[in-house]
Amino acid sequence: MIAARAMRRGRSGSQMPRQELDAMLLWPALGLLLLGLVMVYSSSIAMAEGSKFTGHQPAYFLIRHGVFLMIGLIAAAVVFQVPLRVWQQGAPWLFLIGVALLVLVLIPHVGREVNGARRWLPLGPVNLQPSELMKLFAALYAADYTARKLADMGSFRRGFVPMALVMALVGGLLLREPDFGAFVVIICIAMGILFLGGINARLFSVLFLFLAAAFVILIWISPYRRERIFGFMDPWSDAYGKGYQLSHALIAFGRGEWFGVGLGGSVEKLFYLPEAHTDFLLAVIAEELGLAGVLAVIVLFALIVQRAFAIGRQALLLERVYAGLVAQGIGIWIGVQAFINMGVNMGLLPTKGLTLPLMSFGGSGILANCVALAILLRADYENRCLMRGLPA
């Protein structure tokens, strides 16, 4: 009924060009992608120039990131042509593919191990990180599951248990890599979509407390996670040990002050700050562009998350449940991961290996983010077409 009224209003008004896109979503996303390209280059020059692995080429990471970004944008242009109903039909199969990749990466001599973590599948000149794709597949599957089970969302056995078992399987595989950060993000996506889909409030509260206790136990039984917590609580007590990353990130923020030391002027990226072009890219932004640059990044992410929830809410008003939940699930994904990464860089959260969405170096992450944004733009496009009485 809501959709019918919207379509009648659309027929009486001006016809929307079929090519119209949501500028408040598109431009902030492109802004973050382009700023990420610049900052990946700035933060990686010294490391690329001083490494035999890169052939001492200063632009090594810039070129690779540029190629990943181009592939991501091409994939996004293709994905935008795919209707949301096709993604809904394929969501269970994509989720199974994601689980298979998570299993595959754990097989010795198949998955690539770096610093004690087995998270990558070598594919010639590039490495595929299945956990990044799994974030997208989890959003698509959780939205499909919730849309199909709307009538059972108040039931513990029929509404919650099946999703809990599936997420437990994914969580177990991720913790075997280990990739605790991806596990947290995927659980947040699934739980957020279930909550938005109308899961029983009392059940959700109990589940939240259970997950909080489970996270504490997982941290306590893992020595290296405990060390990260202790390092987070007082990084200066062991600034050359467990507090090394955080202490240098905080030094970068301190040096940046209001407007930074200037693009390319970071000292911390000169082999002091580990993972400057991936996990701690925001610290380099803070040092070179100052508080103004950090606030600009935060505002751009806030605009994307706000538009994702607005698009999702509009889809739900048009009785497009799957599209609405997918849009809001993508908003949860980008918002939660960006919040965790920023919190780690600023010393508000314990150190965790999560990249900054749309900005940090990494082919799998950029590809998954671009595809997710294309699906979000498609959801908005179909909303607009439906409201104007046009075919999507």
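First things first, this report covers the structure right here in the doc. A quick note: this is a predicted structure, and the numbers were derived from the prediction, not measured. (Residues numbered from 1 in each chain as written. Predicted model: local features only at pLDDT ≥ 70, side-chain atom pairs only at ≥ 80, totals over all residues. Heavy atoms only, no water.)

Our focus in this paragraph is the overall build of the protein chain. Counting secondary structure elements, the protein chain contains 13 helices and three strands. What you see for the protein chain is a C-alpha radius of gyration of 21 Å, in line with the 21 Å of a compact globule of 392 residues. The principal-axis extent of the C-alpha atoms belonging to the protein chain is close to 65 × 45 × 40 Å. A burial count over the protein chain gives 50% of its 392 residues as buried. Excluding contacts between residues fewer than 6 apart, the proportion of contacts in the protein chain whose partners are at least 24 apart in sequence is 71%. Of the roughly 17800 Å² that the protein chain leaves accessible, carbon and sulfur atoms contribute 69%. With 31 positive and 21 negative side-chain charges, the protein chain shows a separation of 11 Å between the mean positions of the two kinds. (Helix = DSSP H or I, 4+ residues; strand = E, 2+ residues; numbered from the N terminus. Rg over C-alpha atoms; globule rule 2.2 N^0.38 Å. Buried < 20%, exposed > 50% of the residue type's maximum accessible area, 1.4 Å probe, protein only. Contact = heavy atoms within 4.5 Å. Areas by Shrake-Rupley, 256 points an atom, 1.4 Å probe, with all protein chains shown as cover. Lys, Arg positive; Asp, Glu negative; His and termini not counted. Charge placed at Lys NZ, Arg CZ, Asp CG, Glu CD.)

Strand order in this open sheet of three strands is S1-S2-S3, and the pairing throughout is antiparallel. The sheet is open, and its two edges are formed by strand S1 (112-114) and strand S3 (126-128), each paired on a single side. Ignoring which end each strand starts from, the neighbouring axes of this sheet average 50° apart. Seen against the sheet, helix H4 (residues 84-105) touches strand S2 (117-123) and S3 and runs at an angle of roughly 105° to S2. (Pairing = 2+ DSSP bridges. Axes fitted to C-alpha atoms, helices over the stretch in contact; angles between N-to-C directions.)

In this structure, Leu140, Phe301 and Ile375 are the most contacted members of the largest nonpolar core, which totals 110 residues. When neighbours within four sequence positions are excluded, Ile375 is seen to be in contact with Val79, Leu84, Trp87, Leu136, Leu140, Val326 and Ile330. (Core = buried A, V, L, I, M, F, W, Y, C linked by side-chain atoms within 4.5 Å.)

A full pass over the atoms with the stated rule returns seven aromatic pairs. On the basis of an interplanar angle of 90° and a centroid distance of 5.2 Å, the ring pair of Phe61 and Phe361 is categorised as edge-to-face. Pair noted here: Phe61 is in helix H3 (residues 60-79) and Phe361 is in the loop between helix H12 (321-346) and helix H13 (363-387), with a separation of 300 residues, a long-range link. With 5.9 Å between their ring centres and 55° between their planes, Phe68 and Phe361 make a pair best called tilted. Within this pair, whereas Phe68 is found in helix H3, its partner Phe361 is found in the loop between H12 and H13, the two being separated by 293 residues in sequence. Each of the two residues, Phe68 as well as Phe361, counts as buried. Grouping aromatic residues by their ring pairs yields a cluster made of Tyr60, Phe61, Phe68 and Phe361. For the cation-ring pair, Arg378 lies above Phe80, with the distance from its terminal atom to the ring centre recorded as 6.0 Å. (Phe/Tyr/Trp six-rings, centres within 6.5 Å; stacked < 30°, edge-to-face > 60°. Lys NZ or Arg CZ within 6 Å of the ring centre and 35° of its normal.)

Bringing helix H7 (residues 180-196) into the picture now. For H7, built from 17 residues, the straight-helix expectation of 24 Å at 1.5 Å per residue is met to within 8% by its first-to-last C-alpha distance of 24 Å. Counting buried residues in H7 gives 14 out of 17 residues, a clear majority hidden from the surface. Positive backbone phi, approximately 100°, marks Gly198, located one or two places after H7. (Expected span 1.5 Å × (residues − 1).)

Turning our attention to the pattern of salt bridges. Throughout the structure, instances matching the rule amount to nine salt bridges. Close ionic contact of Arg118 with Glu113 constitutes a salt bridge, the shortest N to O distance being 3.1 Å. Overall, Arg118 belongs to the buried group, its relative accessible area being 18%. Overall, the relative accessible area of 46% leaves Glu113 in the partly exposed class. A single network of salt bridges, built from pairs that share partners, joins Arg320, Arg378 and Glu382. (Salt bridge = Lys/Arg side-chain N within 4 Å of Asp/Glu carboxyl O.)

The residue after Glu177, namely Pro178, is reached through a cis peptide bond having omega -5°. One can find Pro178 in the loop between helix H6 (156-176) and H7. The phi torsion at His109 lies on the positive side, around 70°, for a residue other than glycine. Here His109 shows up in the loop between H4 and S1. For Glu275, which is not a glycine, the phi torsion comes out positive at approximately 55°. The topology assignment puts Glu275 in the loop between helix H10 (244-256) and helix H11 (281-317). In this structure Glu275 comes out as partly exposed when scored by relative accessible area, which is 36%.

Another point: H12. The end-to-end C-alpha separation of H12 is 37 Å, in line with the 38 Å expected for 26 residues at 1.5 Å each. The buried fraction of H12 amounts to 21 of the 26 residues, a majority that puts the element mostly inside the structure. Looking one or two residues past H12, Gly347 carries a phi angle of roughly 80°, positive in sign.

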